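Descriptive analysis of the structure
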Amino acid sequence: MGVFDTSTVALTAYGAGLVLLYSAALAIYRVTLHPLARFPGPKLAATTEWYEFYHDIVRQGQFIWHIQKLHDQYGPIVRILPNELHIRDPDYYDEIYAPSSKKRDKSEAWVKVAGNTTSAFATVDHHMHRLRRAPLNPFFSKKSITDKESQILEKVEHLCHRLAAAAGSNEIVRVDVAFTALTMDIITDFAFGERTYHLDEPDFGVRWKETLIAQSANAVFLRQFPWLWPVLQRTPLRLLQWLRHPAAGLVVWRDMTRERIERIIATNEAGKRAEGSIFQTVLDSDLPAQEKSAERLEAEAQVVLAAGTETTAKSLAMIAFHLNEDAGKLQRLRDEIATAGPEADGSYSLAKLEKLPYLTACIMEGVRMMSGVTTRLPRVAHEPLQYRDWSIPPGTPVSQMNYVVNNDPDLFPRPLEFRPERWVDAPERADGRRLDRYMVSFMRGSRSCIGINLAWAELYLALAHVVARFDLPSYDTTAERDLVIDRDLFVGVPKAESKGIRAKVVCR
Ligand code: HEM
């Protein structure tokens, strides 16, 4: 008898036949009887989820540009996957990303990017999300962040001190990593009440920036293969490190986060408090006990740390690069900052900086170009949504991409150019709508960025202090290779051959 007897072969063929038959029946159902069957889009996208896999995994983060091409071909509403629609119409944005009075869930399939199900970010259900977000809100309110100005300023001074030292030693600095060190030191302090000193590290702790990017890339993969993260998490760390697998950094990061959360819980159990920490606020809240478990707080902490670091840092690096490429813009900004200080101690106050129109415009423009999360962020409504002649069935994931709205040439002519003037000269559109309504990097609605006040405070304080004190002429850095978004790994990243945004540092 051979390795396989005839009954095994027959059974395998029978099984394969059944799978083929089921797949064919499913494909026919999806293009004929499915509730989305009448929506425009390619038949292949309507048939299989592998469509996204091809554009995002095989072609490495290219689905967002492919969706653009589909809109050019099929119009403003397209069926991009068997169960999902995408709309390209900035004036319909608020219907999808609605305020909390309208129930909007996240999509079950989509939240798998998070690798957890219990952070506010990864929570599918609208009401559960409100419950989980509520205890975080007071910490991130405008007043609360304003009260933390001196803590932020201390870290900004630390960054300036490091930059001054780099100038003295003619060091070439990776500006993007330096800003990541800044935002990471700030958010770790706020999250856990613990100080970290990435700003002191010779390379500004570049491994953590790489870990965050690996986390984003992992997120894209997890959406396709959600079973993978639990497997990687159970793989011994030494093996991952030996394999040089990017998940090794993520596991170290997870363990560090867990230890910090456990320390805060232990402090509370010992009758003391982790004052000033986000998670003390959560433990003080009236959330039920299971919502205060170490597992859940760890999940929340992972999101807060990742979300609170790279987005703001990347915006700062982009703004610094573009300003240093254009002497006129840089001088205009410096002249304006000079009207706001410095105070007797050499620092600039947040309240004064917030009133400066050109500084505000530079930040708006940098955050617009950075775009935050580039991947589509679908929402699920419980009522039918009416878009023009289309009635979208309840329960359908629908999205618009921030990246696409932020780069719409009708709203932002020549969108790849850094032009802060567009915010100063034309804050309103011809129809009377304000332009800032369409800068959606922080999103809008009930799931919008909770850290927006912190991000703005960091952007104002860091940009003003660095611009006032240093020139950062670029070193072997081009917008085309090192800044322009080339791949969508949940957040936008430049070309693979980029060596980062690098500059010489010159004290003024
Ligand atoms: C320029 C800076 C930033 C941008 C562009 C940005 C963008 C975004 C976007 C687009 C979302 C929505 C994601 C979704 O719908 O799934 C989000 C959510 C979030 N952001 Fe930010 N963010 C920034 C800075 C920050 C900072 C400094 C923090 C501080 C911790 C933060 C914390 C969060 C958290 C915790 C969420 C999840 C909120 C929820 O699901 O209720 N972000 N952010």
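What counts, and at which threshold
Residues numbered from 1 in each chain as written. Predicted model: local features only at pLDDT ≥ 70, side-chain atom pairs only at ≥ 80, totals over all residues. Heavy atoms only, no water. UniProt positions renumbered as here; feature names shortened; annotations may be inferred. Helix = DSSP H or I, 4+ residues; strand = E, 2+ residues; numbered from the N terminus. Patch = residues over 30% accessible without salt bridge, like charges linked within 9 Å, V, L, I, M, F, W, Y side chains within 5 Å. Areas by Shrake-Rupley, 256 points an atom, 1.4 Å probe, with all protein chains shown as cover. Salt bridge = Lys/Arg side-chain N within 4 Å of Asp/Glu carboxyl O. Buried < 20%, exposed > 50% of the residue type's maximum accessible area, 1.4 Å probe, protein only. Contact = heavy atoms within 4.5 Å. Near = heavy atom within 4 Å. Polar contact = N/O pair within 3.5 Å; in protein donor to acceptor, adjacent residues only side chain to side chain. Nonpolar A, V, L, I, M, F, W, Y, C, P; charged D, E, K, R; others polar. Axes fitted to C-alpha atoms, helices over the stretch in contact; angles between N-to-C directions. Left-handed = near helix turned anticlockwise from the far one by under 90°. 1 Å grid on protein atoms, 1.4 Å probe; cavity = no way out; pocket = protein on both sides within 12 Å on 5 of 7 lines; lining within 4 Å. Points joined across faces, edges and corners; volume = space filled by probe spheres on them.

Looking at an unreviewed UniProt entry, one finds the chain named Cytochrome P450 monooxygenase, with Apiospora rasikravindrae as its source organism. According to the UniProt record, the Cofactor (unreviewed entry) comment for the chain reads "heme".

Before going further, it helps to spend a moment on unusual backbone geometry. For the bond from G341 to P342, the omega torsion is 5°, close enough to zero to count as cis. Along the polypeptide, P342 turns up in the loop between α18 (327-338) and α19 (350-353). Of note in the backbone geometry, N170 takes a positive phi value of approximately 55° without being a glycine. For D476, which is not glycine, the phi dihedral falls at a positive 45°.

Here we take up a nonpolar patch on the surface. The grouping of Y14, L18 and L21 at the surface amounts to a nonpolar patch, some 360 Å² of accessible area in total. Take L18: its relative accessible area is 44%, and that puts it in the partly exposed class.

Moving on: the side chain of T396. Its location among the elements puts T396 in the loop between β7 (390-392) and β8 (397-399). On the basis of relative accessible area, T396 is assigned to the buried category, the value being 7%. Aside from chain neighbours lying at most four places away, what touches T396 is L36, N83, L85, R379, V380 and A381.

Moving on, we get to the site of the ligand. For the ligand, the set of nearby residues contains 28 residues, the closest of which are K106, H129, R133, R379 and C449. In this structure, R133 approaches the ligand through a side-chain N or O atom, which is 2.8 Å from an oxygen atom. For the shell around the ligand, the secondary structure elements donating two or more residues are α6 (126-133), α16 (294-307) and α17 (310-325). A total of three residues in the shell around the ligand trace back to one element, the largest contributor, which is α17. Looking at the shell around the ligand residue by residue, the class counts come to 15 nonpolar, nine polar and four charged.

Moving on, we get to the packing of α17 against helix α23 (residues 452-469). Close contact between α17 and α23 brings their axes to 10 Å; oriented N to C, the two are set at 30°. Seen along the crossing, α17 lies across α23 with a hand that is right-handed. Contacts between α17 and α23 involve T312, S315, L316, I319 and L323 on the former and, on the latter, A455, E458, L459, A462, L463 and V467. A breakdown of the residues in the contact of α17 with α23 according to their chemical character gives eight nonpolar, two polar and one charged.

If you trace the backbone, R334 turns up in helix α18. Within polar-contact distance, the side chain of R334 engages the backbone oxygen of F470 at 2.8 Å. Looking at R334, its side chain comes within polar contact range of the side chain of D471, at 2.8 Å.

Moving on: empty space enclosed by the protein. Scanning the entire structure with this criterion turns up four cavities of 30 Å³ or more. Around the largest cavity sit M184, T188, T196, H198, W253, M256, R260 and L305, which together line it. At the level of secondary structure, the elements contributing two or more residues to the lining of the largest cavity comprise α10 (175-192) and α14 (247-269). Considering each element in turn, the lining of the largest cavity owes the most residues, three residues, to α14. Taken together, the residues of the lining of the largest cavity break down into four nonpolar, three polar and one charged.

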